[in-house]
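Given next are the chains, with one letter for each unit.
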Amino acid sequence: MAATATRSSSILRRSLLYVPASSQKMLTKSLGLTSDKVTYDLEDSVTPSLKLTARDQLKAYFSALEARPSTISELAVRINAVSTPFALDDLAALASAALVDAVVVPKVESAADLTFVSDVLRHVAPERHAGGSANPIKIIALIESARAVVDLASICRASPYLSGLIFAAEDFALDLSITRTPSLSEFLYARSAIVTAARAAGLPSAIDLVCTSYKGDEGLKRLEEECAGGKSMGFNGKQCIHPNQVETVEKMFAPARMEVEWAVRVVIADEKAAASGRGAWTHNGKMIDAPVVRKAHAVAAKAEKCGFDVPRLRTKWKHQDPE
Ligand code: COA
Ligand code: MG
């Protein structure tokens, strides 16, 4: 197997915004948007009659693009499913574009789908996939069927370029003949399985379902509830269909202010506790030991990537002592 550099790298992917590649207007508009990951879609937002037009349009768009906009961290392309006649040509047309950071592969059914995509990537962009390359095109797999959920362990081992899993609710509901409800309880098993499998395989991201409500106060309320639920299950980001969802998603999937203050206080107090030989100590009446301290470090590191001024907080809490 080739280098596994993508596995250990830490990637901030809170929002993943889809942009239908069939819309020239939205392609152009996407350059002015802010999102951790913009994903140009060739799959289900593009009707079959526009598949070839969308692919050509997207290829021309990437050819004309000189640099990734600074407000976007990653640029990805969602290809058509490996089982369709479009997938190979989608990859051939777009994986050679230098500014494509990742391909999102829909309807992944088994490890074989990702083996296929990896082989094509090595063929189309050999220099980016030679052993030891620091800049391979990463693969993000959409899990949207019962079969994929029961095969998660092998899917996660299928490619050294695999860098994340995404749960897609609408196709999953279709596959299981179930109906999506606001509580999302019907997806609990699949979502937990995906987060757990991604974590077990050391993948940098697990991205939650789309909130299909995007208009007005009701849409915002539903989005916030879904973000809170997904974050509490361990997802680190969420798919977005509309630019107006991105800010809320990024805010909700960043550590909360109180959580960051807690983390910084624990880290500082632990430095003092460790210096005096105490492995277990107390903060605000609660026992703190190694796993809690590791969690505090992880929260502080993520907070810094999400724009919190952690050094300033460290100054604010420099007198924090262990109880
Ligand atoms: N990417 C880029 N621009 C987008 C956008 C997107 N995902 N969604 C909306 N916009 C733009 C619109 O073009 C419009 O631009 P304008 O102000 O210059 O006219 C502006 O944002 C406001 O859009 P709005 O009128 O609120 O929505 P809409 O009716 O144009 O589109 C959707 C609504 C849902 C059809 C559209 O957001 C969309 O296609 N989303 C992506 C769907 C998708 O990719 N699905 C597959 C993955 S689940
Ligand atoms: Mg789907």
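Residues numbered from 1 in each chain as written. Chains lettered and ligands numbered in written order. Predicted model: local features only at pLDDT ≥ 70, side-chain atom pairs only at ≥ 80, totals over all residues. Heavy atoms only, no water.

- Per an unreviewed UniProt entry, the protein carries the name Citrate lyase subunit beta and comes from Tolypocladium ophioglossoides.
- According to UniProt, the comment filed for the protein under the heading Cofactor (unreviewed entry) is "Mg(2+)". (UniProt positions renumbered as here; feature names shortened; annotations may be inferred.)

1. Remarks on the coordination of the magnesium ion (ligand 2)
No. 1: Coordination of the magnesium ion (ligand 2) by the protein comes from Glu144 (OE) and Asp171 (OD), over a distance range of 2.1 to 2.2 Å. Separated by 27 residues along the polypeptide, Glu144 in the loop between strand 5 (138-143) and helix 6 (146-150) and Asp171 in helix 8 (residues 169-176) bring together distant segments of the chain. (Donors = N, O, S within 2.8 Å, 3.2 Å for Na, K, Ca; no water. Helix = DSSP H or I, 4+ residues; strand = E, 2+ residues; numbered from the N terminus.)

2. Examining the domain arrangement of the protein
No. 1: Split into domains, the protein comes out as domain 1 (3-253) and domain 2 (257-316).
No. 2: The C-alpha-based centres of domain 1 and domain 2 are spaced at 33 Å.
No. 3: Counting residues at the interface gives seven residues for domain 1, matched by four residues for domain 2.
No. 4: Buried area between domain 1 and domain 2, summed over both chains or domains, comes out near 410 Å², and the portion from carbon and sulfur atoms is 44%.
No. 5: Of the charged contacts, one joins Glu259 and Lys231 as a salt bridge, the two residues approaching to 3.6 Å between their closest N and O atoms.
No. 6: At the junction of domain 1 and domain 2, the tally comes to one residue pair in polar contact (both at pLDDT 80 or more).
No. 7: Counted by class, the side of domain 1 that touches domain 2 contains three nonpolar, two polar and two charged residues. (Domains from an automatic or database assignment. Contact = heavy atoms within 4.5 Å. Buried area = accessible area lost by both parts, 1.4 Å probe. Salt bridge = Lys/Arg side-chain N within 4 Å of Asp/Glu carboxyl O. Polar contact = N/O pair within 3.5 Å; in protein donor to acceptor, adjacent residues only side chain to side chain. Nonpolar A, V, L, I, M, F, W, Y, C, P; charged D, E, K, R; others polar.)

3. Observations regarding the site of ligand 1
No. 1: Surrounding ligand 1, one finds 15 residues, the nearest of these being Tyr18, Lys25, Lys29, Ile241 and His242.
No. 2: Contact distances for ligand 1 include 2.7 Å between an oxygen atom and a side-chain N or O atom of His242.
No. 3: Secondary structure elements with two or more residues in the shell around ligand 1: strand 1 (15-20) and helix 2 (24-30).
No. 4: Partitioned by chemical class, the residues of the shell around ligand 1 number nine nonpolar, two polar and four charged. (Near = heavy atom within 4 Å.)

4. Comments concerning the confidence of the model for the protein
The predicted coordinates should not be examined in detail at positions where pLDDT is low.
No. 1: Scored by pLDDT, the protein has a mean of 94; 97% of the residues are at 70 or more.
No. 2: Low pLDDT, under 50, characterises residues 1-9; the stretch is placed with 23 contacts to residues that sit more than four places away or in other chains. (pLDDT = per-residue confidence, 0-100.)

5. Some words on the nonpolar core
No. 1: Counting residues in each nonpolar core, the largest one holds 70 residues, and the members touching the most others are Leu58, Phe62 and Leu165.
No. 2: Per element, the largest residue contribution to this core is six residues, and it comes from helix 9 (residues 188-200).
No. 3: When residues no more than four places from it in sequence are discounted, the contact partners of Phe62 are Tyr40, Leu75, Val77, Leu94, Ala97, Leu99 and Val100. (Core = buried A, V, L, I, M, F, W, Y, C linked by side-chain atoms within 4.5 Å. Buried < 20%, exposed > 50% of the residue type's maximum accessible area, 1.4 Å probe, protein only.)

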